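Take a look at the letters that make up each chain.
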Amino acid sequence: MTHSVAMLALDGVVGFDLGVPPQVFGAARDVDNAPLYTVTTCGIGGRPVRPERGGFLVVPDHDLTPLATADTVLVPGVSGGSTMTDGTVTAEVAEALRAAHDRGARIISICTGASVLAAAGLLDGRRAASHWAWAKRLRRLFPRVEWDFEVLFVDDGDVLTSAGVAAGADLCLHVVRGDHGSDVANQAARRCVMPAWRDGGQAQYIERPIPAAHGSGTEPTRAWALSRLAEQVSLEELAGHARMSVRTFTRRFRDETGMSPQKWLLQQRVAHARLLLESTDLSVDVVARRAGLGSATALRQHFQHSVGVAPSAYRRAFRHP
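Rules used throughout
- Residues numbered from 1 in each chain as written.
- Predicted model: local features only at pLDDT ≥ 70, side-chain atom pairs only at ≥ 80, totals over all residues.
- Heavy atoms only, no water.
- Helix = DSSP H or I, 4+ residues; strand = E, 2+ residues; numbered from the N terminus.
- Contact = heavy atoms within 4.5 Å.
- Buried < 20%, exposed > 50% of the residue type's maximum accessible area, 1.4 Å probe, protein only.
- Polar contact = N/O pair within 3.5 Å; in protein donor to acceptor, adjacent residues only side chain to side chain.
- Core = buried A, V, L, I, M, F, W, Y, C linked by side-chain atoms within 4.5 Å.
- Phe/Tyr/Trp six-rings, centres within 6.5 Å; stacked < 30°, edge-to-face > 60°.
- Axes fitted to C-alpha atoms, helices over the stretch in contact; angles between N-to-C directions.
- Parallel < 35°, antiparallel > 145°, perpendicular 65-115°, else oblique.
- Left-handed = near helix turned anticlockwise from the far one by under 90°.

(A) Here's a closer look at the side chain of Ser 162. Residue position: Ser 162 is located in strand β8 (residues 159–162). With near-sequence residues (within four places) excluded, Ser 162 lies in contact with Ser 109, Ile 110, Cys 111, Ala 129, Ser 130, Leu 152, Phe 153, Ala 167, Gly 168 and Leu 171.

(B) Examining the environment of Asp 124 more closely. Inspection of the secondary structure puts Asp 124 in the loop between α4 (113–119) and β5 (127–128). Here Asp 124 falls in the partly exposed class, since its relative accessible area comes to 36%. Separated by 18 residues in sequence, Asp 124 and Phe 142 place their C-alpha atoms 8.2 Å apart. In contact with Asp 124, not counting residues within four places along its chain, are Arg 144 and Val 145. Separated by 3.4 Å, the side chains of Asp 124 and Arg 144 make a polar contact.

(C) Focus on the nonpolar core. Leu 97, Leu 123 and Trp 147 are the most contacted members of the largest nonpolar core, which has 36 residues in total. For this core, the elements supplying multiple residues, two or more each, are β1 (3–8), β3 (72–75), α3 (91–102), α4 and α5 (135–141). Once you skip the residues sitting within four places of it in the chain, Leu 97 turns out to touch Leu 8, Val 73, Val 75, Ile 107, Val 116, Leu 117, Ala 120 and Leu 122. If you look at the next biggest cluster of nonpolar residues, it comprises 34 residues, including Ala 28, Ile 110, Phe 153 and Val 175.

(D) Layout of the packing of aromatic side chains. All chains considered together, the criterion is met by 5 aromatic pairs. Seen from their ring centres, Phe 253 and Trp 264 are 5.5 Å apart, and the 75 degrees between their planes marks the pair as edge-to-face. Of the two residues, Phe 253 is situated in helix α10 (residues 246–257) and Trp 264 in helix α11 (residues 261–279); the sequence distance between them amounts to 11 residues. Residue class for Phe 253 comes out buried when judged on its relative accessible area of 2%. Under the relative-accessibility criterion, Trp 264 is labelled buried at 5%. Look at Phe 303 and Tyr 314: their rings are 5.3 Å apart centre to centre, the planes differ by 75 degrees, and that puts the pair in the edge-to-face class. Of this pair, Phe 303 sits in helix α13 (residues 296–306) while Tyr 314 sits in helix α14 (residues 311–318), placing them 11 residues apart in sequence. Taking the relative accessible area as the measure of exposure, Phe 303 reaches 0% and is therefore buried. The class for Tyr 314 is buried, based on a relative accessible area of 1%. Aromatic ring contacts, followed pair by pair, group Phe 249, Phe 253 and Trp 264 into a single cluster.

(E) The arrangement of the environment of Val 75 in detail. With respect to the element layout, Val 75 can be found in strand β3. Classification of Val 75 by relative accessible area gives buried; the value is 0%. For the pair formed by Val 75 and Leu 8, sequence separation is 67 residues and the distance between their alpha carbons is 5.2 Å. Other than its neighbours up to four places away in sequence, Val 75 contacts Leu 8, Leu 97, Ile 108, Ser 109, Ile 110, Gly 113, Val 116 and Leu 117.

(F) Geometry of the packing of α11 against α14. Between α11 and α14, the shortest axis-to-axis distance is 8 Å and the interhelical angle comes to 50 degrees. Taken as axis vectors, α11 and α14 run oblique relative to one another. The two elements α11 and α14 cross, and the hand of that crossing is right-handed. Here α11 contributes Arg 274, Leu 276, Leu 277 and Glu 278 to the contact with α14, which in turn contributes Pro 311, Tyr 314, Arg 315 and Phe 318.

None of the figures reported here should be taken as evidence of function without further support.
Shown next, in the form of structure tokens:
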């Protein structure tokens, strides 16, 4: 018998999150090419829902009834709904999700779909993932959840959560691998033209804009340091440029940036290394020197710690010809 997956489509559903699971689960086949999963879509009253963007409606085939019998319940991301504004969900949805969990169904969320699970009380005291861009809001709305915005997904046994968009595909493939082994998962990945496994976490996808200098405090010195990343600038030189004592400069710098000058400088060097890996064909050694990290070994160490992947893996993912 095939494994049944019921997707819950709510207003503001993320279209990508809703479309990917049927593709990944539908690509999982046995040795006779028979499907291993069936995927259905349900919603409140079976009424049409409008995705977050795209100018179209989604008409679920079912009301919430499939949640009562499905082997796996999957909640795609949502945007602008009550779970993301005030942390609440309708009693009908909350009760259906809790009942599914209580009877032993596996519960999955993609991206901000975790807010629906959290609003239903299914993530209290659990570690869970979601999109890094919503970290501040989700922590405020659901403080009892142990949020982890560094990883692509969290497998907490009967409840699994993922980061945004493509991470949902990673999680679906992880589920296939756990259910049927690597051979089936790898075959499904090839059918979907996606990697069977992605290294690293969300850190490699988080934007790190460099603040502009506006002429006050330590900002001019930060701009000066950014123009000299390849050089080994000391704390004393930074303080001297700002015309402050080291102690005063360090205190002012931490007040303005939330971190020490040394940590900030390392962060900017890693960010510059990322840019060079994305936009040039320079060797890793040259990238390390131009970013002020000294050697390829030091670059790999800092990159692994800050971004979660090796420089070569990052370049393969983000280098555009």
